[in-house]
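As a plain string of letters, each chain reads:
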Amino acid sequence: MLFNSLHFLSFFVVVTTLYFTIPHQHRWKLLLGSSCYFYMVFVPVYIVILGATIIIDYFAGIYIEGSRGDRRRWFLIVSILANVGVLSVFKYFNFINENISVVLNQIGYTNTIPNLSILLPVGLSFHTFQAMSYTIEVYKGNQKAERHFGIYALYVMFYPQLVAGPIERPQNILHQFYERHTFDTQRVLNGLVLMLWGLFKKVVIADRLAVCVNFVYDNPSDFTGIPLLLATVCFAFQIYCDFSGYSDMALGAAEVMGFRLMKNFDRPYFSKSIAEFWKRWHISLSTWFRDYVYIPLGGNRVANWRWQFNLLVTFLLSGLWHGANWTYIIWGGLNGLYLISENLTANLRHAILVKTGINKSSQWFKIVSLFYTFSLICISWVFFRAQTVNDAMYIITHFFSDLSSSASVVFSSNMGTDKYNLVVAGFALTALFGIEFLQRGRSVRQLLQMQPAFVRMLVYYVLLLGIVCFGVFDNDRQFIYFQF
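Quick summary incoming for the structure in this document. (Residues numbered from 1 in each chain as written. Predicted model: local features only at pLDDT ≥ 70, side-chain atom pairs only at ≥ 80, totals over all residues. Heavy atoms only, no water.)

1. Quick word on the pattern of salt bridges
Opposite charge on two side chains allows them to pair when their charged atoms are near.
Alright, step 1. All told, the structure shown has 12 salt bridges when counted by the stated rule.
Alright, step 2. Between glutamate 137 and lysine 140 there is a salt bridge, with its nearest N and O atoms 3.9 Å apart. Of this pair, glutamate 137 and lysine 140 both sit in helix α5 (residues 124-140), separated by three residues, roughly a single helical turn.
Alright, step 3. The class for glutamate 137 is buried, based on a relative accessible area of 4%.
Alright, step 4. Judged by its relative accessible area of 42%, lysine 140 falls in the partly exposed class.
Alright, step 5. Taking the shortest distance from any N to any O, the salt bridge between aspartate 242 and lysine 202 comes out at 2.6 Å. With a gap of 40 residues between them, aspartate 242 in helix α9 (residues 226-257) and lysine 202 in helix α8 (residues 185-217) connect regions that are remote in the sequence.
Alright, step 6. On the basis of relative accessibility, which here comes to 0%, the residue lysine 202 falls in the buried class.
Alright, step 7. One salt-bridge network, held together by shared partners, links Arg169, Arg290 and Asp291. (Salt bridge = Lys/Arg side-chain N within 4 Å of Asp/Glu carboxyl O. Helix = DSSP H or I, 4+ residues; strand = E, 2+ residues; numbered from the N terminus. Buried < 20%, exposed > 50% of the residue type's maximum accessible area, 1.4 Å probe, protein only.)

Structure follows, in structure tokens:
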């Protein structure tokens, strides 16, 4: 079920109304049942797979807590293998099999193992990682094993963040399913405003930019220069508005009912370094890899070469998590190399600033750093969006080819869209980043609460009117991260 659909609107209204109507002790049943329905709208049979891993992890948590020594470790391994096994079959089997075929062909052999003709369950990587965080935290002693099977199943399946996160930790969300949430007008209004804001980013900006991005990236060899640059920048904004829009709607839907999910984005395109960007982008996944991969590898408490190695491995795995394609692996590796380069050149860059007398606190330095960081991120986004490595290399190597002649392609509206769509997206982006700029000290919702009621109502009305008048509501406009 898509957040940007009338189906979800009716689902949300019914579930939320029932949630505040029925007794507290039955609410978990409502949420679990509605979450199952939410998931089964995509491919009903896959609920069986999700249910099987939930059962395994539920009992694994109990056995881990009740065991000592090597038995605890083995129960954790069983849980991890079950989750990784499902991921491997549905997400990585064909990728691995195809690469084996390539290697065998090089030495004169044929791979007789056929690819699997199966669909990837929606959001598989998200709820798998959330389930793994539970058993790992129980193993580390940071979380008590959940004895209530229904509550544990709800922890994995809670519909607002089931298919695209944020990837929660058990310490943050499990206890909330036991809390009694009363109807609070201000909290409900805050949640609805956040949902509207997320929907605005999705249907007014992301889906409008998608037309241009898809047109160019589906046939990149038809373009050179400015169209490739413009489509790449548009994709940077598209994926941000698409994914952060989903996260806002997830957080808002949960907040309406009284649940607090972790913040997943923090104005990432205002970052002035790659390290800062990855503290602001997809925070739930970045911290997951930090806590369960990077730190166990040794983090930065090792020799310098090993530190760089840990960074690179973590980002390569992050790339692989996103998709079974070399483009994603290169995307992850490239961001890892960005961070390694920042670490290795830190002293040199500091010396240059001291020598030249450049003030790091100056606005010009901040602007240049922001632009430089954004440019590097855009280059990495090329690999994330391109269908093949060859396409990505073509795009990057033709960014500055035929700039003068390629400009006419943009102005002649020969990029799959017209000037109207680009102008609307441009104004919407200006509003988006203007609002994000205002959020340096406090959130816009906090600022709005300080204003008179008529000002708040006017802002809400304009936001809703913008969605209705300028939103793109095609049936196939699913969220980008649903495929992961």
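Text resumes after the structure shown.
2. Quick notes on the side chain of threonine 232
Alright, step 1. Secondary-structure assignment places threonine 232 in helix α9.
Alright, step 2. A distance of 2.8 Å separates the side chain of threonine 232 from the backbone oxygen of leucine 228, its partner in a polar contact. (Polar contact = N/O pair within 3.5 Å; in protein donor to acceptor, adjacent residues only side chain to side chain.)

3. Structural notes on the packing of aromatic side chains
Alright, step 1. For the structure on display, the rule yields 63 aromatic pairs.
Alright, step 2. Residues phenylalanine 129 and tryptophan 288 carry aromatic rings whose centres are separated by 3.8 Å and whose planes lie at 20 degrees to one another, so their mutual orientation is stacked. You can see phenylalanine 129 sitting in helix α5 and its partner tryptophan 288 sitting in helix α11 (residues 283-294), a full 159 residues away along the chain.
Alright, step 3. For phenylalanine 129, a relative accessible area of 7% gives the class buried.
Alright, step 4. Measuring from centroid to centroid gives 5.1 Å for tyrosine 328 and phenylalanine 384, while their planes differ by 85 degrees, and the two rings are edge-to-face. Of this pair, tyrosine 328 sits in helix α13 (residues 326-344) while phenylalanine 384 sits in helix α15 (residues 363-385); the two residues are 56 residues apart in sequence, bridging distant segments of the chain.
Alright, step 5. For tyrosine 328, a relative accessible area of 12% gives the class buried.
Alright, step 6. Residue placement shows arginine 27 over the ring face of tyrosine 19; its charged tip is 4.6 Å from the ring centre.
Alright, step 7. Sitting over the face of the ring of phenylalanine 270, arginine 267 holds its NZ or CZ atom 5.1 Å from the ring centroid. (Phe/Tyr/Trp six-rings, centres within 6.5 Å; stacked < 30°, edge-to-face > 60°. Lys NZ or Arg CZ within 6 Å of the ring centre and 35° of its normal.)

4. Remarks on the nonpolar core
Alright, step 1. Core analysis: the largest hydrophobic core is formed by 131 residues, its most contacted members being Tyr269 and Trp381.
Alright, step 2. Ranked by residue count, the leading element in this core is α9, at 18 residues.
Alright, step 3. For tyrosine 269, the residues in contact, after removing those within four places along its chain, are Ala236, Phe237, Ile239, Tyr240, Phe277, Trp281, Leu370, Phe374, Ile377, Trp381 and Phe433. (Core = buried A, V, L, I, M, F, W, Y, C linked by side-chain atoms within 4.5 Å. Contact = heavy atoms within 4.5 Å.)

5. Let's talk about the side chain of threonine 53
Alright, step 1. Structurally, the position occupied by threonine 53 is in helix α3 (residues 47-66).
Alright, step 2. Threonine 53 sits in the buried class, given a relative accessible area of 12%.
Alright, step 3. Ignoring any residue separated from it by four or fewer positions in sequence, one finds threonine 53 in contact with Asn83 and Val86.

6. Considering a nonpolar patch on the surface
Alright, step 1. A surface patch of nonpolar side chains, amounting to about 380 Å² of accessible area, comprises Ile55, Phe59, Tyr63 and Phe149.
Alright, step 2. In terms of residues, the nonpolar patch owes the most to one element, α3, which gives three residues.
Alright, step 3. Along the chain, phenylalanine 59 turns up in helix α3.
Alright, step 4. Taking relative accessible area as the criterion, phenylalanine 59 reaches 40% and is therefore assigned partly exposed. (Patch = residues over 30% accessible without salt bridge, like charges linked within 9 Å, V, L, I, M, F, W, Y side chains within 5 Å. Areas by Shrake-Rupley, 256 points an atom, 1.4 Å probe, with all protein chains shown as cover.)

7. Concerning the packing of α11 against helix α12 (residues 304-322)
Alright, step 1. Between α11 and α12, the shortest axis-to-axis distance is 10 Å and the interhelical angle comes to 130 degrees. Compared by their axis directions, α11 and α12 come out oblique. When the axes of α11 and α12 are compared, the crossing they make is right-handed. Of the residues in α12, those touching α11 at Leu285, Phe289, Val293 and Tyr294 are Trp307, Asn310, Leu311, Thr314, Leu317, Ser318, Trp321 and His322.
Alright, step 2. Here the contact of α11 with α12 is built from residues that sort into eight nonpolar, four polar and no charged. (Axes fitted to C-alpha atoms, helices over the stretch in contact; angles between N-to-C directions. Parallel < 35°, antiparallel > 145°, perpendicular 65-115°, else oblique. Left-handed = near helix turned anticlockwise from the far one by under 90°. Nonpolar A, V, L, I, M, F, W, Y, C, P; charged D, E, K, R; others polar.)

8. Description of the packing of α8 against α9
If you want to describe how two helices pack, look at the angle between their axes and the distance between the axes.
Alright, step 1. Contact pair α8 / α9: the axes reach a minimum separation of 6 Å and the direction vectors enclose 155 degrees. Taken together, the axes of α8 and α9 lie roughly antiparallel to each other. Between α8 and α9 the crossing geometry is left-handed.
Alright, step 2. The residue makeup of the contact of α8 with α9, split by class, is 27 nonpolar, eight polar and seven charged.

9. A closer look at the state of the cysteines
Alright, step 1. Scanning all chains against the criterion turns up zero disulfides.
Alright, step 2. A disulfide-free cysteine, cysteine 378 has its sulfur positioned 9.9 Å from the sulfur of cysteine 234, the nearest such atom. (Disulfide = S-S within 2.5 Å.)

10. Some points on helix α2 (residues 27-40)
Alright, step 1. Between its first and last C-alpha, α2 extends 20 Å over 14 residues, near the 20 Å set by a 1.5 Å rise per residue.
Alright, step 2. Those residues of α2 that fall on the buried side of the exposure criterion are Arg27, Leu30, Leu31, Leu32, Ser34, Ser35, Phe38 and Tyr39.
Alright, step 3. On its buried face, α2 sits against α1 (6-21), α3, α5, α6 (149-157) and α9. (Expected span 1.5 Å × (residues − 1).)

11. Here's the deal with unusual backbone geometry
Alright, step 1. With a phi angle near 50 degrees, arginine 267 is a residue other than glycine that sits in the positive phi range.
Alright, step 2. Tracing the sequence through the fold places arginine 267 in the loop between α9 and α10 (274-280).
Alright, step 3. The class for arginine 267 is buried, based on a relative accessible area of 14%.
Alright, step 4. The residue histidine 282 is not glycine, and still its phi comes out positive at about 45 degrees.
Alright, step 5. Mapped onto the secondary structure, histidine 282 falls in the loop between α10 and α11.
Alright, step 6. With relative accessibility at 1%, the residue histidine 282 sits in the buried group.

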